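# Structural overview for review
So you can see what is in the structure, the chains are spelled out below.
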Protein chains: 2
Amino acid sequence: MRWAPDSRARLQRAAFELFAEQGYSATTVPQITARAGLTTRTFFRYFADKREVIFGGNEIPERAARLIAEAPADLEPMEVVRLVLDRVATEQFAGQGEQTAALRAIIHANDSLRDRDARKRDDLVRAARAAFIERGVPSLRAGVVAELGALLFHTALEEWATDHESRSMTVVLDQVMALLDAETHA
Amino acid sequence: MRWAPDSRARLQRAAFELFAEQGYSATTVPQITARAGLTTRTFFRYFADKREVIFGGNEIPERAARLIAEAPADLEPMEVVRLVLDRVATEQFAGQGEQTAALRAIIHANDSLRDRDARKRDDLVRAARAAFIERGVPSLRAGVVAELGALLFHTALEEWATDHESRSMTVVLDQVMALLDAETHA
DNA sequence: ATCGTGACGACACGACCTGTCATGACGATG
DNA sequence: CATCGTCATGACAGGTCGTGTCGTCACGAT
């Protein structure tokens, strides 16, 4: 073999090591590639930009869209949201509390990462909105439902990241849903 | 006077002209400053980065926080949200439909601007959340309320930008609020 | 008359990101 | 076995963004 395998994984690992050692903005792409034994140019073949080494590979929007499309046809949109969120909460985040909290801390500490994080949420909204329209939901309503789903997901994730010891992500989600209900009923 | 006045305004005007002529990403900061008769360095004294020439000067988070703080003390949080949104809709956006639509189009066409736009929404949420906590609302509930406010504002703004001829921003806001109510009551 | 201040220019520099071409291992195909 | 295409990577040049630093000159205050 001419080159060591798993270039992408090596880059990602080297990047997170360096972020932990000296922070995100203080580490440069050449530093990352040097540690991974590759060139700068190769980094940008795997990641569109420096931020994507943190966000990349998640595929959350695609996953959400698929789950929405596959949900039973007789469910109301908000019931679908609830179903999808429960599945994601149990499958994706169970036991990942420590890691999730660390990641949120890195993101919150850097404006450029906050930019990207916020857009990832918007990407999720767009994908979910399109998936609901595909199910026959009128577009404006689909937009509201998708936004509500993202609101629930994001609020619960942030809350859980600050305290993942005492409650599971699913429990937090239920709390936030209850709060949402209370606000909109008054 | 050694220099012409209104440097900031001149930069902004030159920038929007060039964005209209050749698109956002195709215009460089030196092009903008050349047209404004200034140097590149001066551009970055007025704007933190190239994107801020589009978003800067709005001060929406501060404005929202002030309105929330000044609302009558006996109002429920969501009533405050409604009050604030109505004021912003009438005062800030009346008659600005064409301009708003054009701006949204520029933003949606560029990933880097979508990043920043999404973060501006998050900035708004944080400011509103803090303002509600200041009013004595528990933090998680304050977060949900702030998110709901941003959801309403953003959804209505996008909807209105696509069709500002037939309805005022206030009317769109009422529609979106009605939809939100319907979703969360089922 | 002198001095401080503030806006701007001039210049250098590092980091980010891209375009383009070369290279060599590997597998398919004859 | 020979050849050929493909694919991952290297090598290098270059453009844009954003910042640090210092000089310069008008203006107003003392």
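It should be noted that the structure appears before, not after, this text.
These lines cover the structure that appears in this document, whether it is placed above or below. (Residues numbered from 1 in each chain as written. Chains lettered and ligands numbered in written order. Predicted model: local features only at pLDDT ≥ 70, side-chain atom pairs only at ≥ 80, totals over all residues. Heavy atoms only, no water.)

### A few points about the overall build of chain A
Using the following cut-off: Each helix is a run of DSSP H or I of at least 4 residues and each strand a run of E of at least 2, with the numbering of both proceeding from the N terminus. Buried, partly exposed and exposed residues are distinguished by accessible area as a fraction of the type maximum, computed with a 1.4 Å probe on protein chains only: under 20%, between the cut-offs, and over 50%, respectively. Contacts are residue-level and defined by heavy atoms, with any inter-residue pair within 4.5 Å sufficient. Using a 1.4 Å probe, the Shrake-Rupley method yields the accessible areas, and only the shown protein chains count as cover for residues. None of His or the chain ends enter the tally, which takes Lys and Arg as positive and Asp and Glu as negative. Charge positions come from single atoms, namely NZ of Lys, CZ of Arg, CG of Asp or CD of Glu.
When helices and strands are tallied, chain A shows 10 helices and zero strands. Along the chain direction, N to C, the helices and strands of chain A fall in the order α-α-α-α-α-α-α-α-α-α. Principal-axis analysis of the C-alpha atoms places the extent of chain A at approximately 55 × 35 × 30 Å. In chain A, which comprises 186 residues, the proportion classed as buried is 49%. Contacts in chain A between residues at least 24 apart in sequence constitute 62% of all its contacts with a sequence separation of at least 6. By element, 53% of the accessible surface of chain A is carried by carbon and sulfur atoms, the whole surface being about 9300 Å². The positive charge centre, built from 24 side chains, and the negative charge centre, built from 28, are 9 Å apart in chain A.

### What about the protein's contact with DNA strand C?
Let me state the cut-off plainly: Throughout, the term near means that a residue has one or more heavy atoms lying within 4 Å of the molecule or strand in question. Throughout this description, a polar contact denotes any pair of N or O atoms lying within 3.5 Å of each other; where both atoms belong to protein, one of them has to be capable of donating a hydrogen while the other can accept it, and for residues adjacent in sequence the pair is counted only when both atoms sit in side chains. Ten residue types, Ala, Val, Leu, Ile, Met, Phe, Trp, Tyr, Cys and Pro, are classed as nonpolar, four, Asp, Glu, Lys and Arg, as charged, and the remainder, Gly among them, as polar.
Residues in close proximity to DNA strand C total 19 residues, the closest being Met1 and Arg2 of chain A together with Ser7, Thr42 and Tyr46 of chain B. Each atom of DNA strand C within 4 Å of the protein belongs either to a base or to sugar and phosphate, the latter forming 56%. In the environment of DNA strand C, a phosphate oxygen lies 2.4 Å from a nitrogen or oxygen atom belonging to the side chain of Tyr46 of chain B. Broken down by secondary-structure element, the contributors of at least two residues to the surface near DNA strand C are α2 (29–36) and α3 (40–46) of chain A together with α3 (40–46) of chain B. Broken down by element, the surface near DNA strand C gets its largest block of residues, four residues, from α3 of chain B. Partitioned by chemical class, the residues of the surface near DNA strand C number eight nonpolar, five polar and six charged.

### Things to note about the layout of surface pockets
Gaps between atoms show up when a probe of the same size as a water molecule is rolled over them. Residue and element names in this part refer to chain A. Inclusion rule: Think of a 1 Å grid over the protein atoms and nothing else: a 1.4 Å probe that fits but is trapped marks a cavity, an open set flanked by protein within 12 Å on at least five of seven lines marks a pocket, and residues with an atom within 4 Å of a point count as lining. Grid points are joined across faces, edges and corners, and a volume is the space filled by probe spheres set on the points.
Each pocket or cavity is described by its volume, and for the second largest pocket that value is around 860 Å³. If you go around the second largest pocket, you meet 32 residues; those closest to its centre are Ile54, Phe55, Asn58, Ile60 and Leu103. Residue assignment for the lining of the second largest pocket shows that the elements contributing at least two residues are α1 (7–22), α4 (52–55), α5 (60–70), α6 (77–93), α7 (97–108), α8 (111–134) and α9 (139–162). Looking at which element gives the most residues to the lining of the second largest pocket, the answer is α7, with seven residues. Residues that form the lining of the second largest pocket fall into these classes: 15 nonpolar, nine polar and eight charged.

### Section: the packing of helix α1 (residues 7–22) of chain B against helix α2 (residues 29–36) of chain B
All names here are of chain B. Filter applied, for reference: Note on geometry: axes are lines fitted to C-alpha atoms, helical ones only across the stretch in contact, with angles between N-to-C directions running from 0 to 180 degrees. Relative orientations are named as follows: roughly parallel for angles under 35 degrees, roughly antiparallel for angles over 145 degrees, roughly perpendicular for angles from 65 to 115 degrees, and oblique for any other angle. A crossing counts as left-handed when the near helix is turned anticlockwise from the far one by less than a right angle, and as right-handed when that turn is clockwise.
Viewed as axis vectors pointing N to C, α1 and α2 meet at an angle of 125°, and their least axial separation amounts to 8 Å. Looking at the two axes, α1 sits oblique to α2. For α1 against α2, the interelement crossing comes out right-handed. Residues Arg10, Leu11, Ala14, Ala15, Glu17, Leu18, Phe19, Glu21 and Gln22 of α1 form the contact with α2, whose own contacting residues are Gln31, Ile32, Thr33, Arg35 and Ala36. Taken together, the residues of the contact of α1 with α2 sort by class into seven nonpolar, three polar and four charged.

### Here we look at α5 of chain A
Residues and elements named next belong to chain A. We apply this condition: As used here, the arc belongs to the directions running from the helix axis to the C-beta atoms.
Those residues of α5 that sit buried are Arg63, Ala64, Leu67 and Ile68. Angular distribution of buried residues about the axis of α5 spans 130°; they occupy a single face of the element. Exposed side chains of α5 directed beyond 90 degrees from the buried face belong to Ala69 and Glu70. Structurally, α5 contributes buried residues whose contacts are with α6 and α8.

### With respect to the packing of aromatic side chains
Residue and element names in this part refer to chain A. Basically, it comes down to this: Only the six-membered ring of Trp is used, alongside the rings of Phe and Tyr, when aromatic pairs are assigned; centres must lie within 6.5 Å, and planes under 30 degrees apart are stacked while those over 60 apart are edge-to-face, with the rest tilted. For a ring to carry a charge above it, either NZ of a lysine or CZ of an arginine must fall within 6 Å of the ring centroid while also lying within 35 degrees of the normal to the ring plane.
One pass over the structure, following the stated rule, counts 12 aromatic pairs over all chains. Measuring from ring centre to ring centre gives 5.9 Å for Phe93 and Phe153, while their planes differ by 55°; the resulting arrangement is tilted. Taken as a pair, Phe93 in helix α6 and Phe153 in helix α9 lie far apart in primary sequence, 60 residues in all. Assigned by exposure class, Phe93 and Phe153 land together as buried. Put simply, the rings of Phe16, Phe19 and Tyr24 touch in pairs and so form one group of aromatic residues. The lysine or arginine in question, Lys50, covers the ring of Tyr24, its NZ or CZ lying 4.5 Å from the ring centre.

### Focus: α2 of chain A
All names here are of chain A. Regarding α2, the residues found buried are Val29, Ile32, Thr33 and Ala36. The arc enclosing the buried residues of α2, seen along the axis, measures out at 90°, which places them on a common side. Here the buried face of α2 lies against α1 and α3. Directly beyond the C-terminal end of α2, a positive phi value near 75° is found at Gly37.

### Remarks on the relation of the copies chain B and chain A
Convention followed: A least-squares superposition brings the copies together, and it is based on the C-alpha atoms of residues with pLDDT no lower than 70 in both.
Mapping chain B onto chain A leaves a residual RMSD of 0.1 Å; the transformation is a rotation of 180° accompanied by 0.0 Å of translation along its axis. Here the copies are linked by what is in effect a two-fold axis. The fraction of interface residues of chain B whose copies in chain A are also interface residues reaches 100%, indicating that both copies meet through the same surface.

### Describing the interface of chain B and chain A
Going by this rule: Two parts placed together each lose some accessible area under a 1.4 Å probe, and the buried area is that loss summed for both. In the sections that follow, a salt bridge refers to a side-chain nitrogen of Lys or Arg positioned within 4 Å of a carboxyl oxygen of Asp or Glu.
Chain B puts 31 residues into the contact, and the matching count from chain A is 31 residues. Interface area lost by chain B to chain A is led by Asp115, Leu140 and Glu183 of chain B, which between them contribute 21%. Inspection of the region where chain B meets chain A yields 16 salt bridges. Across the salt bridge formed by Arg119 of chain B and Asp111 of chain A, the nearest N and O atoms sit 3.2 Å from each other. At the surface where chain B touches chain A, the tally comes to 18 residue pairs in polar contact (both at pLDDT 80 or more). Elements with a minimum of two residues in the side of chain B that touches chain A: α8 (111–134), α9 (139–162) and α10 (169–185) of chain B. Class assignment of the residues belonging to the side of chain B that touches chain A gives a composition of 10 nonpolar, six polar and 15 charged.

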